[in-house]
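Residue-level structure breakdown
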Amino acid sequence: MVIKEIIVRQLELPLTKPYKVSFRTYTEFEPIVVEIVAEDGQNGWGEAYIPAGSTFETIDSAWQFCTEHAEKLVGKTASESHRIIDRQVPSAPFAACAILSALAMLTRNTALVTEKEARIPLLVPVSGVTASEIAQEIEARLEQGYRAFKVKVGWDVDKDLERVRMVQDAAGDRGTLTIDANRGYDQEQGMRFAAALDPRGIALFEQPCEADQWQANAAVARVSTVPLMLDESIRNETDIDRAATIDGIKFVKLKLKRVGGVERALSAMQRAREKGLGICLGDGVATEILCWIEACVSRGYLSHAGDMNGFLKPKTRLLANPLLFEQGSIVLKPGYWPEMDRGILRAQQVRQERIVATMTA
């Protein structure tokens with residue numbers, strides 16, 4: 001399968017409501033979307049959204065990576081292109097994932113094919129602040145079928161603990177909680193928070209300290225009343241091996257854009273399973289493209305609800321046949337394959353670069 005053209009686009013997708021994490025508040029997503037078209041007309045899609053402060057990559061560096069490598073890939077086969085980009089994962093995982101995901105879709109990677117209906121339960125973030133707001137929100141989410149709630153912390157230890165307690169009181173025994181600090185605490189704060197947590201209904205506590213502060217995260221794990229999960233710290237199988245040696249760390253969170261595409265994600269999940277670690281997968285700031293891919297590859301691996309809920313946050317869905325969501329779960333129907341709504345794509349686009357193979361006689 002030879003690549004005929006590659007189109008790199010950047011979109012701007014306003015959110016239905018602000019999405020607050022420890023290091024920023026999102027009001028829109030700005031993903032880079034890669035479309036790869038083969039000579040036979042078949043195409044594949046990938047994306048990379050790079051929030052400022054979450055990695056050493058930037059939107060501009062990812063744009064440059066995708067456009068420059070598109071020049072190198074047009075006219076080559078899909079398998080050759082995969083080898084070229086896979087070698088770049090350590091230096092540019094987010095950007096490489098956009099191209100590798102598009103290649104996986106282009107070649108109909110078997111991990112993306114649905115032959116039997118699958119339901120992937122999703123986490124849902126809790127945005128309420130007061131007890132009454134939280135209670136109303138929890139009731140509404142329960143009616144929608146959610147049974148796993150995500151509580152963002154990482155600002156003020158005492159206020160964070162109080163808010164967690166309010167969510168616990170509202171949810172009772174009707175759902176489980178994941179607590180996520182998004183690297184917002186230093187070691188002392190993380191230890192104080194984790195040691196004071198009432199474990200009632202809490203499945204795990206996610207990424208208390210900065211990604212490379214392994215000793216700090218380990219210190220928090222030692223005193224935590226609930227198991228810890230590492231997210232931003234996990235970029236490859238070496239990181240998984242390291243996490244498995246730390247007492248109190250029982251889960252790892254994987255994102256395709258952090259580990260570098262479908263094949264690397266599958267290998268990483270298998271490695272985590274072999275090391276006895278529970279697995280969560282998903283990106284809360286992705287569109288339907290990546291959320292669908294992550295839902296597909298997560299099948300058979302998840303230890304807890306998936307986090308591939310980013311597609312529910314923008315006001316606009318990108319697909320002409322939207323990813324099915326019901327009763328708190330992504331539903332993968334047999335034979336489903338995403339189809340882009342090009343009208344919506346044009347309306348949300350802020351820049352585009354199209355690279356076409358030079359045809360020789």
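Located above this text is the structure these notes cover.
Parameters at a glance
- Residues numbered from 1 in each chain as written.
- Predicted model: local features only at pLDDT ≥ 70, side-chain atom pairs only at ≥ 80, totals over all residues.
- Heavy atoms only, no water.
- Helix = DSSP H or I, 4+ residues; strand = E, 2+ residues; numbered from the N terminus.
- Buried < 20%, exposed > 50% of the residue type's maximum accessible area, 1.4 Å probe, protein only.
- Polar contact = N/O pair within 3.5 Å; in protein donor to acceptor, adjacent residues only side chain to side chain.
- Axes fitted to C-alpha atoms, helices over the stretch in contact; angles between N-to-C directions.
- Left-handed = near helix turned anticlockwise from the far one by under 90°.
- Contact = heavy atoms within 4.5 Å.
- Nonpolar A, V, L, I, M, F, W, Y, C, P; charged D, E, K, R; others polar.
- 1 Å grid on protein atoms, 1.4 Å probe; cavity = no way out; pocket = protein on both sides within 12 Å on 5 of 7 lines; lining within 4 Å.
- Points joined across faces, edges and corners; volume = space filled by probe spheres on them.
- Phe/Tyr/Trp six-rings, centres within 6.5 Å; stacked < 30°, edge-to-face > 60°.
- Pairing = 2+ DSSP bridges.

Moving on to the side chain of asparagine 217. In this fold, asparagine 217 is placed in helix 7 (residues 214-223). Asparagine 217 sits in the buried class, given a relative accessible area of 1%. Within the structure, asparagine 217 has its side chain in polar contact with the backbone oxygen of glutamate 210 (distance 3.1 Å).

Take the packing of helix 1 (residues 59-73) against helix 2 (residues 78-86) next. In the contact formed by helix 1 and helix 2, the axes pass within 11 Å of each other and the chain directions differ by 140 degrees. In terms of crossing hand, the pair formed by helix 1 and helix 2 is right-handed. Contacts from Phe65, His69 and Leu73 in helix 1 reach Ser81, Ile84 and Ile85 in helix 2. Split by residue class, the contact of helix 1 with helix 2 holds four nonpolar, two polar and no charged.

Estimated volume of the largest pocket: approximately 620 Å³. If you list the elements that add at least two residues to the lining of the largest pocket, you get strand 2 (13-21), strand 7 (124-125), helix 4 (131-143) and helix 5 (157-171). Counting residues per element, the lining of the largest pocket draws most heavily on strand 2, which supplies five residues. Each pocket or cavity is described by its volume, and for the second largest pocket that value is around 430 Å³. What lines the second largest pocket is a set of 23 residues, and nearest its centre among them are Pro93, Arg235, Asn236, Arg258 and Val259.

Moving on: the packing of aromatic side chains. According to the stated counting rule, one finds eight aromatic pairs in the structure shown. Ring plane angle 40 degrees and centroid distance 5.7 Å describe the contact between tyrosine 146 and phenylalanine 325, whose orientation is recorded as tilted. Taken together, the positions of tyrosine 146 in the loop between helix 4 and strand 8 (148-152) and phenylalanine 325 in strand 14 (residues 325-326) put the pair 179 residues apart, joining distant regions of the chain. A relative accessible area of 4% places tyrosine 146 in the buried class. According to the relative accessible area criterion, phenylalanine 325 is partly exposed, its value standing at 26%. Ring centres of tryptophan 292 and tryptophan 337 lie 5.1 Å apart, and the angle between their planes is 80 degrees; on these two criteria the pair is classed as edge-to-face. Taken together, the residues tryptophan 292 in helix 11 (residues 288-298) and tryptophan 337 in the loop between strand 15 (329-332) and helix 12 (342-348) connect sequence positions 45 residues apart. The class of tryptophan 292 is buried, set by a relative accessible area of 1%.

Let us look at the environment of valine 33. Position of valine 33 relative to the elements: it lies in strand 4 (residues 32-38). We classify valine 33 as buried; its relative accessible area is 0%. Placed 297 residues apart in sequence, valine 33 and isoleucine 330 show a C-alpha to C-alpha distance of 22 Å. Excluding residues within four positions of it along the chain, valine 33 makes contact with Ile7, Val8, Arg9, Leu11, Trp45, Gly46, Glu47 and Ile289.

Considering all chains together, one arrives at two cavities of 30 Å³ or more under this definition. The wall of the largest cavity is formed by 23 residues, among which Asn182, Glu232, Lys255, Asp283 and Val285 lie closest to the centre. Those elements that place two or more of their residues in the lining of the largest cavity are strand 2, strand 8 and helix 9 (256-259). In this structure, the second largest cavity is lined by Trp45, Met105, Ile289, Leu319, Pro338 and Met340. Residues belonging to the lining of the second largest cavity are distributed by class as follows: six nonpolar, no polar and no charged.

Spatially, 7-8-9-10-11-12-13 is the arrangement adopted by the seven strands of the open sheet, whose pairing is parallel. Here the strands that pair on one side only, and so sit at the sheet edges, are strand 7 and strand 13 (278-281). By the bridge criterion, two bridges tie strand 7 to strand 8 in an arrangement that is parallel. Opposite valine 124, over in strand 8, you have phenylalanine 149 as the bridge partner.

Strand order in this open sheet of four strands is 5-4-1-16, and the pairing throughout is antiparallel. Each edge of the open sheet carries a strand with a single partner, namely strand 5 (43-48) and strand 16 (349-356). Put simply, the sheet's adjacent strands are angled 15 degrees from each other on average, direction ignored. The pairing of strand 1 (residues 3-11) with strand 16 spans seven bridges and is classified as antiparallel. Residue isoleucine 6 lies in a different strand from strand 16, and its bridge partner there is isoleucine 355. In the packing of helix 3 (residues 93-106) onto the sheet, the strands contacted are strand 1, strand 4 and strand 5, and the crossing angle to strand 5 comes to about 160 degrees.

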